[in-house]
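A look at the structure
Single-letter residue listing:
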Amino acid sequence: MIKADESPWKYLVLWLRLYFAFHYLKSGLNYVIFDFIPDFSRSGAVGPYLAEMTNIGFYPLVKYLEVILGAMLLFNFMVPLALIVMAGITFQIAYLNLVVSPHPRQKFTGTQELLLNCSLLLAYGGYYVDFLRAKVKPYSLWEGFHKRSSLTKT
Amino acid sequence: MKQVISGRHYVLIAAVAIVWTLVVVGFSTSMGERPLRMYDWGPPAFAGLITLIVMFVNNRRQK
């Protein structure tokens with residue numbers, strides 16, 4: 001069985017994590033530091049959607065979120081949580097680039113986002129196993145923390 | 001548990017990083033129509049470089 005925490009897989013995962021972190025940081029910081037907003041008039045069918053996102057302030061919000069998520073991945077802080085949030089952004093990017101406006105360059109961008117995010121979700125997938133239970137009873141967040149702290153004390 | 005990092009592992013990581021960086025360079029320049037920017041090739045290349053450095057440091061610590 002391939003174990004994600006053994007070499008060379010551990011370092012392949014490290015490369016993926018750092019790559020995705022830098023990918024998000026460069027995109028987010030390009031807006032946060034340089035106020036850079038791409039010219040959406042040349043983005044085909046996606047243009048009006050992205051322009052409206054900017055008008056209502058959602059585009060800047062996503063850019064600041066990209067900086068936070070990229071930093072979380074870079075410093076190995078709550079990576080499973082960051083990857084789940086990133087999956088939402090990835091889905092939007094993939095849908096826009098692969099379905100709405102499938103220019104060859106955008107097809108690559110959308111595919112790359114999916115590959116990076118899904119690979120990392122698999123690599124850290126052990127933490128999501130409990131999400132895959134078919135039938136569950138309510139189990140509050142604080143009960144989970146309490147159970148985890150009891151297990152670590154024994 | 002001690003994990004052995006062999007030369008093959010360095011080659012694998014370097015190969016993956018280089019190949020993917022070249023793929024990114026190809027698509028980001030739209031096969032030579034657009035200028036090449038560090039914005040595009042930077043993430044996979046620097047991630048590869050840092051990963052190799054981490055592998056080297058970890059290998060030294062285990063010896």
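Structural data are supplied above this passage.
Rules and cut-offs
- Residues numbered from 1 in each chain as written.
- Chains lettered and ligands numbered in written order.
- Predicted model: local features only at pLDDT ≥ 70, side-chain atom pairs only at ≥ 80, totals over all residues.
- Heavy atoms only, no water.
- Patch = residues over 30% accessible without salt bridge, like charges linked within 9 Å, V, L, I, M, F, W, Y side chains within 5 Å.
- Areas by Shrake-Rupley, 256 points an atom, 1.4 Å probe, with all protein chains shown as cover.
- Salt bridge = Lys/Arg side-chain N within 4 Å of Asp/Glu carboxyl O.
- Helix = DSSP H or I, 4+ residues; strand = E, 2+ residues; numbered from the N terminus.
- Buried < 20%, exposed > 50% of the residue type's maximum accessible area, 1.4 Å probe, protein only.
- Expected span 1.5 Å × (residues − 1).
- Contact = heavy atoms within 4.5 Å.
- Core = buried A, V, L, I, M, F, W, Y, C linked by side-chain atoms within 4.5 Å.
- Polar contact = N/O pair within 3.5 Å; in protein donor to acceptor, adjacent residues only side chain to side chain.

1. Side note on a nonpolar patch on the surface
Residue and element names in this part refer to chain A. Taken together, Leu65, Ile68, Phe75, Phe77, Met78, Leu81 and Val85 make up a surface patch of nonpolar side chains, about 680 Å² in accessible area. Of all the secondary structure elements, the ones that give two or more residues to the nonpolar patch are helix 3 (58-74) and helix 4 (79-100). Mapped onto the elements of the fold, Leu81 is located in helix 4. Residue classification places Leu81 among the partly exposed positions, given a relative accessible area of 44%.

2. Description of helix 1 (residues 7-28) of chain B
Two residues of an α-helix separated by three or four positions point the same way, owing to the 3.6 residues in each turn. Taking 1.5 Å as the rise per residue, helix 1 of chain B with 22 residues should run 32 Å; its terminal C-alpha atoms sit 31 Å apart, in good agreement. Regarding helix 1 of chain B, the residues found buried are His9(B), Ile13(B), Ala17(B), Thr21(B), Val24(B), Gly26(B) and Ser28(B). The secondary structure elements touched by the buried residues of helix 1 of chain B are helix 1 (9-32) and helix 5 (104-123) of chain A together with helix 2 (38-62) of chain B. With its phi angle positive at about 50°, Ser30(B) sits one or two positions after the end of helix 1 of chain B.

3. Digging into the nonpolar core
Inside soluble globular proteins, nonpolar side chains tend to come together where they are buried. Counting 40 residues, the largest nonpolar core has Phe20(A), Leu69(A), Leu73(A), Leu83(A), Met86(A) and Leu120(A) as its most contacted members. Of all the elements in the fold, those that place two or more residues in this core are helix 1, helix 2 (46-55), helix 3, helix 4 and helix 5 of chain A together with helix 1 and helix 2 of chain B. Broken down by element, the residue count for this core peaks at 13 residues, all from helix 1 of chain A.

4. What about unusual backbone geometry?
In terms of backbone geometry, most residues other than glycine have negative phi values and most peptide bonds are trans. Residues and elements named next belong to chain A. For Asp35, which is not a glycine, the phi torsion comes out positive at approximately 55°. Along the chain, the position of Asp35 falls in the loop between helix 1 and helix 2. Given the relative accessible area of 57%, Asp35 is considered exposed. At Asn76, a residue that is not glycine, the phi angle is positive and equals roughly 55°. Structurally, Asn76 can be placed in the loop between helix 3 and helix 4. For Asn76, a relative accessible area of 47% corresponds to the partly exposed category.

5. Brief notes about the interface of chain B and chain A
Opposite the 29 residues of chain B that make contact, chain A presents 21 residues. Where chain B touches chain A, the interface holds 0 salt bridges. The interface formed by chain B and chain A holds 5 residue pairs in polar contact (both at pLDDT 80 or more) in total. Only helix 1 and helix 2 of chain B provide two or more residues apiece to the side of chain B that touches chain A.

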